[in-house]
There are 2 protein chains.
Amino acid sequence: MSPGALFTDLYELTMAQGYHRYQMNPRVVFDMFFRRNPFGGGFTVCAGIEPLMDALASFTFAADDIDYLRSLDMFDAGFLDYLSAFRFAGDVYAVGEGTVVFPGAPMIRVHANLIEAQLIEGLLLNTVNFQTLIATKTARVFLASNRGRILEFGLRRAQGIDGALSATRAAFIGGAAATSNTLAGKRFGIPVSGTMAHSWVMAFDSERDAFEKYADLYPDKTILLVDTYDTLRSGIKNAAEVGRALAERGKTLGVRLDSGDIQYLSHAIRRYLDEHGLRDATIAVSNELNEEIIHALVADGCPIDFWGVGTNLVTGGSDSALTGVYKLAAKERDGKMVPTMKISDNPDKTTDPGVKQVHRIYDRGGSPIADVIGFDEETIETGTRATFYHPAIDYRHFSIVPDGEIRPLLEPVMKSGRVCADLPSIHQIQERAKREIDSLDPTYTRLINPHRYKVSITERLKDVKAEMIAGFIDG
Amino acid sequence: MSPGALFTDLYELTMAQGYHRYQMNPRVVFDMFFRRNPFGGGFTVCAGIEPLMDALASFTFAADDIDYLRSLDMFDAGFLDYLSAFRFAGDVYAVGEGTVVFPGAPMIRVHANLIEAQLIEGLLLNTVNFQTLIATKTARVFLASNRGRILEFGLRRAQGIDGALSATRAAFIGGAAATSNTLAGKRFGIPVSGTMAHSWVMAFDSERDAFEKYADLYPDKTILLVDTYDTLRSGIKNAAEVGRALAERGKTLGVRLDSGDIQYLSHAIRRYLDEHGLRDATIAVSNELNEEIIHALVADGCPIDFWGVGTNLVTGGSDSALTGVYKLAAKERDGKMVPTMKISDNPDKTTDPGVKQVHRIYDRGGSPIADVIGFDEETIETGTRATFYHPAIDYRHFSIVPDGEIRPLLEPVMKSGRVCADLPSIHQIQERAKREIDSLDPTYTRLINPHRYKVSITERLKDVKAEMIAGFIDG
């Protein structure tokens, strides 16, 4: 999915023409970050980095794009020539895909000229906002299921073709075991899953016949949908008969439930299967699940082996967008990078100036305890006492002698428009996300009312910020 | 955006192989419909028909799709050969894009063989569910703004690339005046809009300089963002100065507000502009708007000319999916189409059997009063008394002598896999949607707690349903 450079808000182009006309195209640094964890949660899982790299590599204007822009009668020939030759040649630093991230700390840092940096804004935010939203949602669902097997079934409810494909990729990163989306399986090399709909059962003269025919065809992957007619009086009985025949051939039955009271029915089904010698048989459930429902079912001890989740996984449900933003942090002047910041009446919307790095401080057990944002050239060292500050409220600070690892999170991924890092495979990204989530204190991963993870700034960054605010107020 | 035939849930393929193997590929009829209006509203605007036609026309398996399916080790050579030659050759009937539709009444009817009809399920639902959701959301925003000018600004918050492009198309259908998404403007031929971000203002040494330079460059499209520093003490004053210079050249100023209290500031800005001889100047606002906020601002008499709406418009906000479904309605047996239905414990989930048409009954003033679902061969005539029934509750019925127009809603759009209708342009679709919404009694378009529009069934359909339910219970 590389939409090219016309996938940008028109105002980026009107501004770019201005910068081009007035010869205002300095080197700049932009930060991408978000201001709150989605879903009322305590963490966020970064996703979308590799797709962003792919899209940036083909971020150019085709000849008919230029024709279209000319037809708008807003752009002069010189600027259109500039766009014809345009390609993104900036540097990009990013946290590794699958890394757990927190509000306020940059996930991506872009070094480029002003026009380049602005033109990619929409593409960057579109890609990273959405995939990060879905990876985070899936991680919540995965945790709610007690790290169970999540099947992503969202194709038909996703927001467009790419809404489905991107969501599938991000859901896998967040912990999904497989997807129903066959094209996504091919494109991303992730497991696909799917057996039958109610229409299969209805296509045969009897439920029993439908089940038998399916088991004949797919003896190694027989998951029978038991709720087409009557789950307990018909579906599970027919399924168990087929399951016993499979067992004689050394094969295992699976059943799926897609309606009714999952709590009651999953227990009843388990009991029936166990009483009929099918202790190995698995139970899958689906039907408008989300993390709250799954959490309640797990808390009730429901014997569920697979969770099929659709709408809520691929759209985020009630929280349909990560509100990530992309803000100017530094601008070259007289050959030097000068910090810039947006000063807002609302202190939470005031940005952190300068070229910055995010340092994650771990305890000796390897669990993250705080992220500290400082200037890129600053170092934070294990064994050395330091004081870190709340990004907006000066009197909130803490002093610490870090005794565990300290890891910088932003790493170079693109240099002069070319990928310069070995990007991990999607399986490695999923593994990383699982490790990252496991390393967090459970108070941060609690579904509701989680503990707030500390994101602080260094003393120097605090001082520069204070100076700039004072200068702005006085000036 | 034509993803090809691999954009399907895997279970469609496992089932299809079964139908192929067991030579069960009869002619069937499927209905697509939804069970509730999104956003708690009283109506829904159909969208996505033309994109669906495009995608169906290229719904084939490429050679590497077949290679991928072979690699899954689930499909035999005969079936893979069948898929290699597969193309969708069915007939499709649909309501016109932009038509107002209601829960329970089919929007799309597909006649095809069973395998064809099943394989397209995911693509059909993905396309129509999402675009219909967004067209409906935009229609609500449009109505809330008192039929004002809505600018769709959602690219950066949309769910993936196509999430943005499809949303832009659907938002235009629902009443948006323009989009910020340049690629969507090119692709769909709809107006694009955009001027400046805060970063433009910050790139210059002063706000005044930034405004002047912009007005020099775009004298015919000068919309100045006035809230970068201080809206009332700086932004509006500098904008008004530039506005007066523009006025001397016969040009009109626009200002945009993207933060702060819109109610208070829009009044204050209007007063300032009027007092400074800029009565023609327009005011645009943005910042996490939705229909409720817009409705409140309009009710307060806020002097706002343009509404920029992003996240909520392109994702649906808290209601992120239309839960449209696609159900088997009839199946050929011994050369005849036999009605089929899904009978559920929940009467609302019981489907209407048979090959059906939806008749919209209008009053003499041209306002729709009810949709009646009947068998395709049934007619409903103006001037003839008829009794229509609630789809699930027999004792709720009404008797009427229709005295206005009666219009069948489902029209042929595809015959044997080829488009067979003159599909309207996107501008015509938008016009139709506006006319349709205007024709509705305002009790149906109320944002909150709307009147419920009547969707009923004919006596014959009611009787066939009752017979089939009785047969199922007895059998």
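Here is a short report on the structure shown in this document. Just so it is clear, the model here is predicted, and its values are computed rather than measured. (Residues numbered from 1 in each chain as written. Chains lettered and ligands numbered in written order. Predicted model: local features only at pLDDT ≥ 70, side-chain atom pairs only at ≥ 80, totals over all residues. Heavy atoms only, no water.)

1. Considerations on the relation of the copies chain B and chain A
When chain B is fitted to chain A, the residual RMSD is 0.0 Å, and the transformation amounts to a turn of 180° plus an axial shift of 0.0 Å. The two molecules are tied by a two-fold rotation axis, judged by turn and shift. Among all C-alpha atoms of chain B, that of Ser 318 of chain B lies closest to the rotation axis, at 2.1 Å. Most of the interface of chain B is mirrored in chain A: 100% of its interface residues are interface residues there too. (Least-squares fit on C-alpha atoms with pLDDT ≥ 70 in both. Contact = heavy atoms within 4.5 Å.)

2. Thoughts on the packing of aromatic side chains
Geometry of an aromatic ring pair is reported as the spacing of the ring centres plus the angle between the planes. Following the criterion strictly, the structure yields 28 aromatic pairs over all chains and no others. Considering the side-chain rings of Tyr 22 of chain A and Phe 204 of chain B, the 6.4 Å spacing of their centres and the 80° angle between planes classify their relative orientation as edge-to-face. Of this pair, Tyr 22 of chain A sits in the loop between helix H1 (10-21) and strand S1 (27-34) while Phe 204 of chain B is found in the loop between helix H9 (198-203) and helix H10 (207-217), placing the two residues in two different chains. Taking the relative accessible area as the measure of exposure, Tyr 22 of chain A reaches 22% and is therefore partly exposed. Measuring from centroid to centroid gives 5.7 Å for Phe 75 of chain B and Phe 79 of chain B, while their planes differ by 35°, and the two rings are tilted. On the basis of relative accessible area, Phe 79 of chain B is assigned to the buried category, the value being 0%. An aromatic cluster is defined as three or more aromatic residues linked by ring pairs; in this entry it consists of Tyr 19 and Tyr 22 of chain A together with Trp 200, Phe 204, Tyr 214 and Tyr 218 of chain B. Sitting above the plane of the Tyr 389 of chain A ring, Lys 462 of chain A keeps its charged end 4.3 Å from the centroid. (Phe/Tyr/Trp six-rings, centres within 6.5 Å; stacked < 30°, edge-to-face > 60°. Helix = DSSP H or I, 4+ residues; strand = E, 2+ residues; numbered from the N terminus. Buried < 20%, exposed > 50% of the residue type's maximum accessible area, 1.4 Å probe, protein only. Lys NZ or Arg CZ within 6 Å of the ring centre and 35° of its normal.)

3. What to know about the sheet that holds strand S10 (residues 282-285) of chain A
Residue and element names in this part refer to chain A. Spatial ordering of the open sheet is given by S7-S6-S11-S10-S9-S8, a layout of 6 strands whose pairing is parallel. Two strands close off the open sheet at either side, each with one partner strand: strand S7 (178-179) and strand S8 (223-225). Bridge count between strand S6 (residues 149-152) and S7: 2 bridges; the pairing is parallel. Along S7, the bridge assignment pairs Glu 152 with Thr 179. (Pairing = 2+ DSSP bridges.)

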